[in-house]
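# Structure assessment
Here is what each chain is made of, one letter per residue.
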Amino acid sequence: MILVIAIGNVFRRDDGAGPAVAEKLRGQDGLEIIQLPGEGTELIEAWDGRDKVLVVDAMRSGRAAGEIRRFDGLRDDLPPDDFASLSHRFGLAQAVEMGRILGRLPKSLTIFGIEAVEFGQGLGLTSEVAAGADRLASEIIGLTTGQ
Amino acid sequence: MTTRVIKVDALARVEGEGSLHVRIKDGVIKDLQFGIFEPPRFFEAFLEGRDYAEVPDITARICGICPIAYEMGAIQAMEDIFGVTVPKPIRDLRRLIYCGEWIESHGLHVYLLHAPDFLGLPDALELAKTDRALVEKALRLKKIGNDILEIVGGRAVHPINLKVGGFFKTPPKAKIRALAEDLKWALQASLETVKLVGGFDFPAIEQNYQFVALRHEDEYAIHEGRVVSNRGLDIPVRSFLDHFDEEHVRHSNALHGVIKDGSGPYMVGPLARYALNYDKLSPLAVQAAKGAGLGPVVRNPFQSIVVRAVELVQACQDALAIVESYQEPDAPSVPFEIKAGRGHGATEAPRGLCYHTYHVDAGGAIRFARIIPPTAQNQKVIESDLAAVVSANLALEDEALKWRCEQAIRNYDPCISCATHFLNLTVVRE
């Protein structure tokens, strides 16, 4: 069973990219899906002891809207400021580093960032980000079905 | 003549976006601004026109760390309007979930956000490299707090199980009782925490604070009480706006809390609660405080970390007592009739007193909402502390002074996101 952690707030437009991917994956065999707001300590608790974990989150790095970036959580340093952090600047990037220091990362950790542009209040993704979420959902389904 | 400018553009280890700007001319502070540039969030405006029953779910969104403070203040204000009194088992569950919020919030702040300041480390990641066991302890404390929120509130962030009149569902006895073992560990961990942080070196500064907090006859006030101060104020929550107000200042997107009698800044939060409710602490919490060298009133803001740890002891003990005696209530909530009126509610959020008032029409729609969060109230006293800290430390180099100022701000565990409704530091030395 692969754990998919979708991070984001659907009430802040493109920050809902992670939850949008989660919605498309729901019902897919072999996946356990949880949605979290992105608070770092909670992420560590969620992935600790798991075999295979995928994390999906909106990011803002100045690339084209909807572009998907992939990081290996066990090896790559995540850009510390490109993922939103829910609280006290202890978010995904810091949770990955803390997990590494404490030996509390899963055996496999892949992080997908969807480049987002609009974080204002309201529902609904911008079209490029929605398209990116669709592509990422298909990619994850492909990964799980071996296609 | 020399001018120094100390500037922090984005404060670390605080919640939200804030800054600090200090201009010093010939060794005298000419300008000091604790700025909040987190954009205004307009929650009160969202609430107008919504149904009273939606208020806990909307206000829970104000904060990811202290949602219970917002939910419960709002619920109490509605219950004030409708004339609802909840029976003891429901009241106990409310106190339990609030203790959970204190445990997760204080646990996070004491260890991961504030302790690095006293240990000369930049952040919790460096702390984890030097003292892994300490960080593991913090993570476990935080998880225990979160577990309480999840079991009583339905989920740890923005809980969904609280409503006007009680809860949607009451948690089964077995799940609540199962928290006991973790809470016994948390209580021991909290006592060790008081010892540890009590041994830190604290910059010497004493301030003559005007403390404001809730006080309750039967317990260390968390979720209910009268509003009291160390200067003789003792009022019911409904009179809060007769004595307190907020004003706009140019450098902050959060309104500054003011006391109407013109007596200057006032402080809410752990030091205020502790000073005004010392006699309501448990004997174990008092013993821990004394062991750490604290008297009944603490005026050194840097020792707030010790007071938070003492409050952790109290919260763990209270939570454990409720857990061990928990019986499922006959009904998860009490019935009531909707009526028009104005109501008030206040609770002690981890960062201090949080006040709500609402006006509801006969159909239950909200016509007016006002929320005064703790960080908004503490802005003036934070600036007053900063002035004292800068004046006492003019000999420090800019970088060291900047560090000390940030530490002084973190004494308040400010939640800027809540208040905007934190920090870039600029120091100008002329």
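Whatever comes next refers back to the structure up there.
The numbers attached to residues start from 1 for each chain and follow its sequence in the written order. Whichever chain is written first is A, and whichever ligand is written first is 1; the rest continue in order. Local features are withheld for residues below a pLDDT of 70 in this predicted model, meaning they are given only at 70 or higher, and side-chain atom pairs are given and counted only at 80 or more; totals for whole chains, interfaces and linings count all residues. Excluded from the side-chain calculation are hydrogens and water; included are all heavy atoms of the structure.

### A closer look at the overall build of chain B
Test applied: Numbering goes from the N terminus for both helices and strands, where a helix is a DSSP run of H or I of at least four residues and a strand is a run of E of at least two. Restricting the calculation to C-alpha atoms gives the radius of gyration, and the globule rule supplies 2.2 Å times the number of residues raised to the power 0.38. A simple rule labels every residue: compare its accessible area, found with a 1.4 Å probe on the protein chains alone, to the largest value its type can have, and call it buried under 20%, exposed over 50%, or partly exposed in between. Under the convention used here, a 1.4 Å probe and the Shrake-Rupley method define accessible areas, while residue burial counts only the protein chains that appear. Charge convention: Lys and Arg are scored as positive, Asp and Glu as negative, and His as well as the terminal groups of each chain are ignored. Each charge is placed at NZ for Lys, CZ for Arg, CG for Asp and CD for Glu.
Within chain B, the regular secondary structure consists of 15 helices and 14 strands. What you see for chain B is a C-alpha radius of gyration of 21 Å, in line with the 22 Å of a compact globule of 430 residues. For chain B, the C-alpha atoms occupy an extent of roughly 70 × 45 × 35 Å along the three principal directions. A burial count over chain B gives 63% of its 430 residues as buried. Accessible surface, chain B: about 15200 Å² in total, of which carbon and sulfur atoms supply 50%. Side chains of chain B give 48 positive and 56 negative charges; the mean places of these two sets differ by 1 Å.

### A word on the environment of Y358 of chain B
All names here are of chain B. Keep this limit in mind: Identification of polar contacts relies on pairs of N or O atoms within 3.5 Å, with a donor-acceptor requirement for protein atoms, meaning one able to donate a hydrogen and the other able to accept it, and with residues adjacent in sequence counted only if both atoms are side-chain atoms.
Following the sequence through the fold, Y358 ends up in strand 12 (residues 352–360). Y358 sits 42 residues away from A400 along the chain, and the two C-alpha atoms are 45 Å apart. Side-chain polar atoms of Y358 contact the side chain of H356, separated by 2.8 Å.

### Structural notes on the pattern of salt bridges
Two side chains carrying opposite charge are able to pair once their charged atoms lie near each other. What counts, and what does not: The term salt bridge refers to a side-chain nitrogen of Lys or Arg lying within 4 Å of a carboxyl oxygen of Asp or Glu.
In this structure the tally under the stated criterion is 39 salt bridges over all chains. Among the ionic pairs, K129 of chain B bridges to E126 of chain B, the shortest N-O distance being 3.0 Å. You can see K129 of chain B and its partner E126 of chain B sitting in helix 5 (residues 124–130), three residues apart, about one turn around the helix. Assessed through its relative accessible area of 48%, K129 of chain B is described here as partly exposed. Among the residues examined, E126 of chain B registers a relative accessible area of 27% and is labelled partly exposed. Among the ionic pairs, E136 of chain B bridges to R132 of chain B, the shortest N-O distance being 3.8 Å. Here R132 of chain B and E136 of chain B lie together in helix 6 (residues 132–153), a separation of four residues that amounts to about one turn. The exposure class assigned to R132 of chain B is partly exposed, which follows from its relative accessible area of 43%. Residues participating in the shared-partner salt-bridge network are E45, D48 and R104 of chain A together with R132 and E136 of chain B.

### Examining the sheet that holds strand 8 (residues 234–235) of chain B
All names here are of chain B. Cut-off, in case you're wondering: Paired strands are those between which DSSP finds at least two bridges. Contact definition: two residues touch when any of their heavy atoms are within 4.5 Å. Axis definition: a line fit to C-alpha positions, over the contact stretch in the case of helices; interaxial angles, taken between N-to-C directions, run 0 to 180 degrees.
Spatially, the three strands line up as an open sheet ordered 6-7-8, and their pairing is antiparallel. Looking at which strands have only one partner, the edges of the open sheet turn out to be strand 6 (212–215) and strand 8. Pairing analysis gives four bridges linking strand 6 to strand 7 (residues 226–229), with the strands arranged antiparallel. Of the residues in strand 7, the one forming a bridge with V212 is S229. This element, helix 10 (residues 270–277), spans strand 6 and strand 7 of the sheet and lies at about 50 degrees to strand 6.

### Looking at helix 13 (residues 374–392) of chain B
The α-helix advances 3.6 residues per turn, and as a result positions three or four apart in sequence lie on the same side. Filter applied, for reference: In this analysis, the expected span of each helix is defined as 1.5 Å times one less than the number of residues it contains. Bend angle per residue: angle between axes fitted to the 7 residues ending at that residue and the 7 residues starting there.
Across its 19 residues, helix 13 of chain B extends 27 Å between first and last C-alpha, which sits within 8% of the 27 Å expected from 1.5 Å per residue. At K380 of chain B, helix 13 of chain B shows its maximal bend, which comes to roughly 40 degrees.

### Section: the side chain of D318 of chain B
All names here are of chain B. By the element assignment, D318 lies in helix 12 (residues 304–325). Classification of D318 by relative accessible area gives buried; the value is 16%. A polar side-chain atom of D318 sits 2.6 Å from a polar atom in the side chain of R95. Setting aside residues up to four positions removed in sequence, D318 forms contacts with R95 and C99.

### Points about the packing of helix 13 of chain B against helix 14 (residues 398–410) of chain B
All names here are of chain B. Note the following rule: Every angle not falling under 35 degrees, over 145, or within 65 to 115 is termed oblique; those three ranges are roughly parallel, roughly antiparallel and roughly perpendicular. Helix crossings get a hand from a simple test, with the near helix turned counterclockwise from the far one by less than a right angle marking a left-handed crossing and a clockwise turn marking a right-handed one. Residues are grouped as follows: Ala, Val, Leu, Ile, Met, Phe, Trp, Tyr, Cys and Pro are nonpolar; Asp, Glu, Lys and Arg are charged; every other residue, Gly included, is polar.
The N-to-C vectors of helix 13 and helix 14 enclose an angle of 150 degrees; their axes lie 10 Å apart at closest approach. The angle between helix 13 and helix 14 falls in the class roughly antiparallel. Once helix 13 is placed against helix 14, the crossing between them reads as right-handed. Between helix 13 and helix 14, the residues in contact are I382, L386, V389 and V390 and L401, R404, C405, A408 and I409, respectively. Each residue belonging to the contact of helix 13 with helix 14 can be placed in one class, and the counts come to eight nonpolar, no polar and one charged.

### Digging into the sheet that holds strand 12 of chain B
All names here are of chain B. On the basis of which strands lie adjacent, the open sheet formed by three strands has the order 11-12-13 and antiparallel pairing. Because the sheet does not close on itself, it has two edges, and the strands there are strand 11 (341–349) and strand 13 (366–372). Mean inter-strand twist for the sheet, computed between neighbouring axes without regard to direction, equals 15 degrees.

### Overview of unusual backbone geometry
We note that R13 of chain A has phi near 45 degrees; this positive angle belongs to a residue other than glycine. Here R13 of chain A is to be found in the loop between strand 1 (2–7) and helix 1 (17–25). Notably, D26 of chain B is not glycine yet its phi reads approximately 50 degrees, a positive angle.

### Structural notes on the nonpolar core
Definition in use: What is meant by a nonpolar core is a set of buried Ala, Val, Leu, Ile, Met, Phe, Trp, Tyr and Cys residues, joined one to another through side-chain atoms within 4.5 Å.
Among the nonpolar cores identified, the biggest contains 148 residues, and I5, W47 and L92 of chain A together with M78, Y274 and Y358 of chain B are the most heavily contacted of them. The leading source of residues in this core is helix 4 (residues 88–118) of chain B, at 15 residues. In this structure, M78 of chain B is in contact with Y52, V55, V164, Y358, V360 and I366 of chain B, ignoring residues within four places of it in sequence. If you look at the next biggest cluster of nonpolar residues, it comprises 21 residues, including V21, A22, V129 and A133 of chain A.

### Observations regarding the environment of E181 of chain B
Within the element layout of this structure, E181 of chain B appears in helix 8 (residues 180–198). For E181 of chain B and L320 of chain B, which are 139 residues apart along the polypeptide, the C-alpha to C-alpha distance reads 8.9 Å.

### Notes on the pairing of strand 13 of chain B
Residue and element names in this part refer to chain B. Burial analysis of strand 13 places five of its seven residues in the buried class, which makes it a mostly covered element. Where strand 12 and strand 13 come together, six bridges link them in antiparallel fashion. When the bridges of strand 13 are listed, Y358 appears paired with A369. Between strand 12 and the antiparallel strand that follows it, strand 13, lie five residues; G364 among them carries a positive phi value of about 90 degrees.

### Observations regarding the environment of Q188 of chain B
All names here are of chain B. In this fold, Q188 is placed in helix 8. Exposure remark for Q188: the relative accessible area of 45% places this residue in the partly exposed category. Residues Q188 and Y274, spaced 86 residues apart in sequence, show a C-alpha to C-alpha distance of 20 Å.

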